[in-house]
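Spelled out, the chains give:
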Amino acid sequence: MAVVIIDGSTVRDFVNDEAHFKKSVDETFAKLDLNSDGVLSRSELRKAFETMRLIESHFGIDIVTPPEQLTQLYDSIFEKFDCDKSGTVDLEEFRSEIKKILLAIADGLGSSPIQMALEDDNQNFLKQAADLEASKLHQPSPA
Ligand SMILES: [Ca+2]
Ligand SMILES: [Ca+2]
């Protein structure tokens, strides 16, 4: 568990750093694609959200949400990701939807930094956003 200070611009910078963002989303996608068929199935995507806790933080669900309600929610999220209704989520769909979610989170955060306790793993985009910002801060500034 890591505690990070994060605000809207931290998240937005991460999303707008295209090369970095793409790499990190692609890596996450590859990890989530458990059977390596190049697409995410409904259950793979659900597992992803349970791990990342991205949806929970975005939609303000807390852990006491009844399982059947969660299933409904995950179903509706899957429909959102699966833009072309193919029944699976491909890399393009995943990337664009993650981007939308992160930008919505950024808007929600606004400019007032908040402290967040995040799982210390690389599947958490908010953690990666914070790490990216930290790495920039630690770079020597040009004279
Ligand atoms: Ca798969
Ligand atoms: Ca699809």
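Residues numbered from 1 in each chain as written. Chains lettered and ligands numbered in written order. Predicted model: local features only at pLDDT ≥ 70, side-chain atom pairs only at ≥ 80, totals over all residues.

S.K.: Residue-level account of the overall build of the chain, with values.
M.R.: Along the backbone of the chain there are seven helices and two strands. Ordered by position in the sequence, the α and β elements of the chain form the string β-α-α-α-α-α-α-β-α. With 143 residues in all, the chain has 24% of them scored as buried. Here the contacts in the chain between residues at least 6 apart in sequence split such that 77% fall between residues at least 24 apart. (Helix = DSSP H or I, 4+ residues; strand = E, 2+ residues; numbered from the N terminus. Buried ≥ 20, exposed ≤ 12 C-beta atoms within 10 Å, placed from the backbone. Contact = placed C-beta atoms within 7 Å.)

S.K.: Describe the UniProt feature "domain: EF-hand" (unreviewed entry) in the chain, and please don't skip the residues or the numbers.
M.R.: The UniProt record annotates "domain: EF-hand" (unreviewed entry) at residues 20-55 and 69-104. Taken end to end, residues 69-104 is 75% helix and 0% strand, and its first and last C-alpha atoms sit 22 Å apart. (UniProt positions renumbered as here; feature names shortened; annotations may be inferred.)

S.K.: Run through unusual backbone geometry, naming residues and quoting values.
M.R.: In the Ramachandran plot, Ser36 falls in the positive-phi region, its phi being about 50° despite a non-glycine side chain. With respect to the helices and strands, Ser36 occurs in the loop between helix H2 (18-32) and helix H3 (42-52). Assessed through the 7 C-beta atoms surrounding it within 10 Å, Ser36 is described here as exposed. The phi dihedral of Lys85 falls on the positive side, at around 55°, and the residue is not glycine.

S.K.: Lay out helix H7 (residues 125-137) in plain terms, naming residues and giving numbers.
M.R.: Given a rise of 1.5 Å per residue, 13 residues ought to cover 18 Å, and the 18 Å separating the end C-alpha atoms of H7 matches this to within 8%. Every buried residue of H7 is listed here: Phe125, Leu126, Gln128, Ala129 and Ala130. (Expected span 1.5 Å × (residues − 1).)

S.K.: Mind laying out helix H6 (residues 91-109), listing which residues take part and the relevant values?
M.R.: Here H6 is 19 residues long and its end C-alpha atoms lie 27 Å apart, about the 27 Å a rise of 1.5 Å per residue gives. Along H6, the positions that sit buried rather than exposed are Phe94, Ile98, Ile101, Leu102, Ile105 and Ala106. Buried residues in H6, looked at end-on, bunch into an arc of 145°, giving them a common side. Among the exposed residues of H6, those oriented more than 90 degrees off its buried face are Glu92 and Asp107. (Arc of directions from axis to C-beta.)

S.K.: So, the packing of H2 against H6: which residues are in play, and what are the values?
M.R.: Direction vectors running N to C along H2 and H6 enclose 125°, while the axes themselves pass 10 Å from each other. Here H2 lies oblique to H6, going by the angle between them. Every pair of crossing elements has a handedness; the one defined by H2 and H6 is right-handed. Only Leu91, Phe94, Arg95 and Ile98 of H6 make contact with H2, whose side of the interface consists of Lys22, Val25, Asp26 and Phe29. Looking at side-chain class alone, the contact of H2 with H6 contains five nonpolar, no polar and three charged residues. (Axes fitted to C-alpha atoms, helices over the stretch in contact; angles between N-to-C directions. Parallel < 35°, antiparallel > 145°, perpendicular 65-115°, else oblique. Left-handed = near helix turned anticlockwise from the far one by under 90°. Nonpolar A, V, L, I, M, F, W, Y, C, P; charged D, E, K, R; others polar.)

S.K.: So, the confidence of the model for the chain: which residues are in play, and what are the values?
M.R.: In low-pLDDT regions, the fine details of the predicted coordinates are not to be read closely. For the chain, mean pLDDT is 84; residues scoring 70 or higher make up 82% of the total. For the chain, helix H4 (residues 54-59) is the element with the lowest average pLDDT, namely 53, and helix H1 (residues 8-16) is the one with the highest, namely 95. (pLDDT = per-residue confidence, 0-100.)

S.K.: How would you explain the nonpolar core if you had to name every residue and give the values?
M.R.: Grouped together as the largest cluster of nonpolar side chains are 25 residues, with contacts concentrated most on Ile6, Val11, Phe94, Ile98, Leu102, Leu126 and Ala129. In this structure, Leu126 is in contact with Ile6, Val11, Met116 and Leu118, ignoring residues within four places of it in sequence. (Core = buried A, V, L, I, M, F, W, Y, C linked by C-beta atoms within 7 Å.)

S.K.: Can you explain the packing of H1 against H7? Please cite residues and give values.
M.R.: The geometry of H1 relative to H7 is characterised by a closest axis approach of 9 Å and an angle of 90° between their N-to-C directions. The orientation of H1 relative to H7 falls into the category roughly perpendicular. Facing Thr10, Val11, Asp13 and Phe14 of H1, the residues of H7 in contact are Leu126, Gln128, Ala129, Ala130, Leu132 and Glu133. Broken down by class, the residue content of the contact of H1 with H7 amounts to six nonpolar, two polar and two charged.

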